[in-house]
There are 2 protein chains.
Amino acid sequence: MNMKEKLTIIKVGGKIVEEEDSLHQLLAAFTAVEGHKILVHGGGRSATKVAAQLGIESQMINGRRVTDADMLNVVTMVYGGLVNKNIVVRLQAQGVNALGLTGADMDVIRSHKRPVKDVDYGFVGDVDAVNGTLLADLIRKGIVPVMAPLTHDGQGHILNTNADTIAGETAKAMADVFDVTLMYCFEKKGVLRDAEDDDSLIPHINESEFKRYVEEGIIQGGMIPKLENSFEAIHAGVSKVIITLATAIDGVSGTVIER
Amino acid sequence: MNMKEKLTIIKVGGKIVEEEDSLHQLLAAFTAVEGHKILVHGGGRSATKVAAQLGIESQMINGRRVTDADMLNVVTMVYGGLVNKNIVVRLQAQGVNALGLTGADMDVIRSHKRPVKDVDYGFVGDVDAVNGTLLADLIRKGIVPVMAPLTHDGQGHILNTNADTIAGETAKAMADVFDVTLMYCFEKKGVLRDAEDDDSLIPHINESEFKRYVEEGIIQGGMIPKLENSFEAIHAGVSKVIITLATAIDGVSGTVIER
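About the thresholds
Residues numbered from 1 in each chain as written. Chains lettered and ligands numbered in written order. Predicted model: local features only at pLDDT ≥ 70, side-chain atom pairs only at ≥ 80, totals over all residues. Heavy atoms only, no water. UniProt positions renumbered as here; feature names shortened; annotations may be inferred. Helix = DSSP H or I, 4+ residues; strand = E, 2+ residues; numbered from the N terminus. Rg over C-alpha atoms; globule rule 2.2 N^0.38 Å. Buried < 20%, exposed > 50% of the residue type's maximum accessible area, 1.4 Å probe, protein only. Contact = heavy atoms within 4.5 Å. Areas by Shrake-Rupley, 256 points an atom, 1.4 Å probe, with all protein chains shown as cover. Lys, Arg positive; Asp, Glu negative; His and termini not counted. Charge placed at Lys NZ, Arg CZ, Asp CG, Glu CD. Axes fitted to C-alpha atoms, helices over the stretch in contact; angles between N-to-C directions. Parallel < 35°, antiparallel > 145°, perpendicular 65-115°, else oblique. Left-handed = near helix turned anticlockwise from the far one by under 90°. Nonpolar A, V, L, I, M, F, W, Y, C, P; charged D, E, K, R; others polar. Phe/Tyr/Trp six-rings, centres within 6.5 Å; stacked < 30°, edge-to-face > 60°. Lys NZ or Arg CZ within 6 Å of the ring centre and 35° of its normal. Core = buried A, V, L, I, M, F, W, Y, C linked by side-chain atoms within 4.5 Å. Buried area = accessible area lost by both parts, 1.4 Å probe. Salt bridge = Lys/Arg side-chain N within 4 Å of Asp/Glu carboxyl O. Polar contact = N/O pair within 3.5 Å; in protein donor to acceptor, adjacent residues only side chain to side chain. Pairing = 2+ DSSP bridges. Least-squares fit on C-alpha atoms with pLDDT ≥ 70 in both.

- Chain A is annotated in an unreviewed UniProt entry as Acetylglutamate kinase of Paraprevotella clara YIT 11840.
- Word for word, the UniProt comment on chain A under Sequence similarities (unreviewed entry) is "Belongs to the acetylglutamate kinase family. ArgB subfamily."
- The UniProt entry for chain A carries this comment under Catalytic activity (unreviewed entry): "N-acetyl-L-glutamate + ATP = N-acetyl-L-glutamyl 5-phosphate + ADP".

1. Some remarks on the overall build of chain A
- In terms of regular secondary structure, chain A is built from 8 helices and 13 strands.
- For 259 residues, the compact-globule formula gives about 18 Å, and the C-alpha radius of gyration of chain A, at 18 Å, lands near that figure.
- In terms of overall dimensions, chain A has C-alpha extents of about 45 × 45 × 35 Å along its principal axes.
- Every one of the 259 residues in chain A was classed for burial, and the buried ones make up 57%.
- Residue pairs at least 24 apart in sequence account for 67% of intrachain contacts in chain A once pairs closer than 6 positions are excluded.
- Of the roughly 10,900 Å² that chain A leaves accessible, carbon and sulfur atoms contribute 47%.
- For chain A, the separation between the mean place of its 26 positive charges and that of its 35 negative charges on side chains is 3 Å.

2. Things to note about the packing of helix α2 (residues 20-32) of chain B against helix α4 (residues 69-93) of chain B
All names here are of chain B.
- Where α2 meets α4, the closest approach of the two axes is 11 Å, and the angle between their N-to-C directions is 50°. It follows from the interaxial angle that α2 and α4 lie oblique. Read as a crossing pair, α2 and α4 show a hand that is right-handed. Where α2 abuts α4, its residues Glu20, Leu23, His24, Leu27, Phe30 and Thr31 lie against Asn86, Ile87, Arg90 and Leu91.
- Counted by class, the contact of α2 with α4 contains 5 nonpolar, 3 polar and 2 charged residues.

3. As for the packing of aromatic side chains
All names here are of chain B.
- Under the criterion given, the structure shown has 2 aromatic pairs over all chains.
- The residue whose ring lies beneath Arg114 is Tyr121, and the NZ or CZ to ring-centre distance is 5.1 Å.
- Lying over the aromatic face of Phe186, Lys226 brings its terminal NZ or CZ to 5.4 Å of the ring centre.

4. Concerning the nonpolar core
- Formed by 89 residues in total, the largest nonpolar core has its most connected members in Ile9, Met106 and Leu227 of chain A together with Met106 and Leu227 of chain B.
- Examining the composition of this core, we find that 6 residues originate from one element, helix α8 (residues 223-235) of chain A, more than from any other.
- The residues touching Met106 of chain B, leaving out its near neighbours within four places in the chain, are Gln92, Asn97, Ala98, Leu99, Leu138 and Ile143 of chain A together with Leu101, Asn131, Leu134, Leu135 and Leu138 of chain B.
- Listed in part, the 86 residues of the second largest apolar core include Val33 and Ile242 of chain A together with Met71 and Val75 of chain B.

5. Brief notes about the interface of chain B and chain A
- The partner chain A presents 38 residues to the 38 residues of chain B that form the contact.
- For the pair chain B and chain A, the two sides together bury roughly 2,900 Å², of which 70% comes from carbon and sulfur.
- On the surface where chain B and chain A come into contact, there are 4 salt bridges.
- With a closest N to O distance of 3.0 Å, Lys85 of chain A and Asp105 of chain B form a salt bridge.
- Between the two partners, chain B and chain A, sit 10 residue pairs in polar contact (both at pLDDT 80 or more).
- Breaking the side of chain B that touches chain A down by element, the ones donating at least two residues are α3 (44-53), α4, β5 (98-101) and α5 (133-140) of chain B.

6. Things to note about the sheet that holds strand β5 (residues 98-101) of chain A
Residues and elements named next belong to chain A.
- Pairing is mixed across the open sheet formed by 7 strands, whose spatial order is β5-β8-β2-β1-β11-β12-β13. On the outer flanks of this sheet lie β5 and β13 (255-258), each paired with one strand and no other. Strand-to-strand twist of the sheet, defined as the mean angle between neighbouring strand axes without regard to direction, takes the value 20°.
- Examined bridge by bridge, strand β2 (residues 36-41) and strand β8 (residues 144-147) share 2 bridges and lie parallel to one another. Directly across from Leu39, in β8, lies its bridge partner Val146.
- Where helix α4 (residues 69-93) meets the sheet, its contacts fall on β2, β5 and β8, and the angle it forms with β5 comes to roughly 175°.
- Running at roughly 165° to strand β11 (residues 178-186), helix α6 (residues 163-174) makes contact with β1 (5-12), β2, β8 and β11 of the sheet.

7. Some points on the relation of the copies chain B and chain A
- Taken as rigid bodies, chain B and chain A are interconverted by a rotation of 180° and an axial shift of 0.0 Å, the fit giving an RMSD of 0.0 Å. What the rotation and shift describe, once combined, is the action of a two-fold rotation axis. Across chain B, the rotation axis passes nearest the C-alpha of Gly81 of chain B, at a separation of 1.9 Å.
- Of the residues that chain B buries at the interface, 100% are likewise interface residues in chain A, meaning the two copies contact each other through the same surface.

8. So, the side chain of Ser200 of chain B
- Topologically, Ser200 of chain B is positioned in the loop between β11 (179-186) and α7 (207-215).
- The residues touching Ser200 of chain B, leaving out its near neighbours within four places in the chain, are Val191, Leu192, Arg193 and Asp194 of chain B.

9. Some thoughts on the sheet that holds strand β1 (residues 6-12) of chain B
All names here are of chain B.
- Here 7 strands make up an open sheet; going across it, the order is β5-β8-β2-β1-β11-β12-β13 and the pairing mixed. Taken across any chain shown, the strands that pair with only one partner, and hence form the sheet edges, are β5 and β13 (255-258). Adjacent strand axes in the sheet meet at a mean angle of 20°, parallel and antiparallel pairs treated alike.
- Two elements, β1 and strand β2 (residues 36-41), share 6 bridges in a ladder whose sense is parallel. Directly across from Thr8, in β2, lies its bridge partner Lys37.
- In this fold α4 packs onto β2, β5 and β8 (144-147), with an angle of close to 175° to the strand it touches most, β5.
- The sheet strands contacting α5 are β1, β2, β5 and β8, and the helix crosses β2 at an angle near 125°.

Written as structure tokens, this is what we have:
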């Protein structure tokens, strides 16, 4: 029996936090989540929009944003400022004591600039370490961290970092002290047998089932790395990973992966 | 004798944090300040620049920015994101455990939208209360808050707020638990008898001298509200206010006002 206090870490994509209706729904659902919690957000669509307004073109390779110096300024403004503070101020209005953070704040997440192999992604960070001590202290005091997808290299550079990775690495680091549930929210009900059929939800999945589904071609595309990350989190001590809709973060909906 | 731990709160204007050379100098000087500290920054020039790039015109009345909905998004991005995180990441590289904050984060500063009298300043906040308890806890743990000139109304709205006011109100709130020195940094050596002559520094000033200088026309313009705020801080328990150059934050340079 796990005697640690519960902590729910919820990652939501940019699309959800960037549209008024879905943001409103999400924040209501997030406010209703009981106990300690962290929200990790994206913001890619807003970054693309602000960049375009500034005459900066967004270049994506394999679904990842190429981040040159100008784009780094845009994502710093949009992720760290516009999207993050908009969420924080609205959670505060609902009585949730939110604290907006990038990985640079309190040195929470260190990363290194991704080495150039086939592709130069620019100022993109791969996570080295999550410094969870102060974060855990604040959470125990009732603070709800709201984390933007930005980290730092300890050498004075902000690095653009995948929000799924931030959520996963934070979950692993916090598993030492909390009983962690990690939720990945997206626009589907969870892992589906048939991507076009919302009724084909797979409610539970273990690693051998996952491998079989991949072999059979039932699970494919972007869901494969998401599930690989989920099992990695479970192996690292996270109690439960849930893949679900952003409006169904009640802890029972979606696809559940348990230790 | 004051047995409280020392806390230095340093407010620097936008000009200093927005140019590479002066920012570099400031951060070196700030890093060298011993003991607990807070940095409060502006960012008006960057906001004006980004707004212009987005096709949004900056309107100033009595030296204050008129903040409509579009401009509020700009200052949220620029103050809360670009300027704040750029300072945080560079302080981290110098071993200063910085935490970027707006007044919405951890509900640190509540304000209300300034009532419309002669001028409608839009989404501009007048400070109601600084919630210093968690801030003081973090400072005692070695965290160095870096505060952007944004507050919130508790109803879900970010409000653009004068950085001098943020520094002054934070100083007053922290004076309960710390021995606070408040520094206002600008482009002059301090309060000058002759604005054109850097050698005419007034090294110490008390309230009766201030009143006499104002009557005699020696102190005028923007220095009057700055000094009025300084004496208000002293009356509210702040130990010392220093008005100085951003590169001379050694605690002895500039014009000193003491209890």
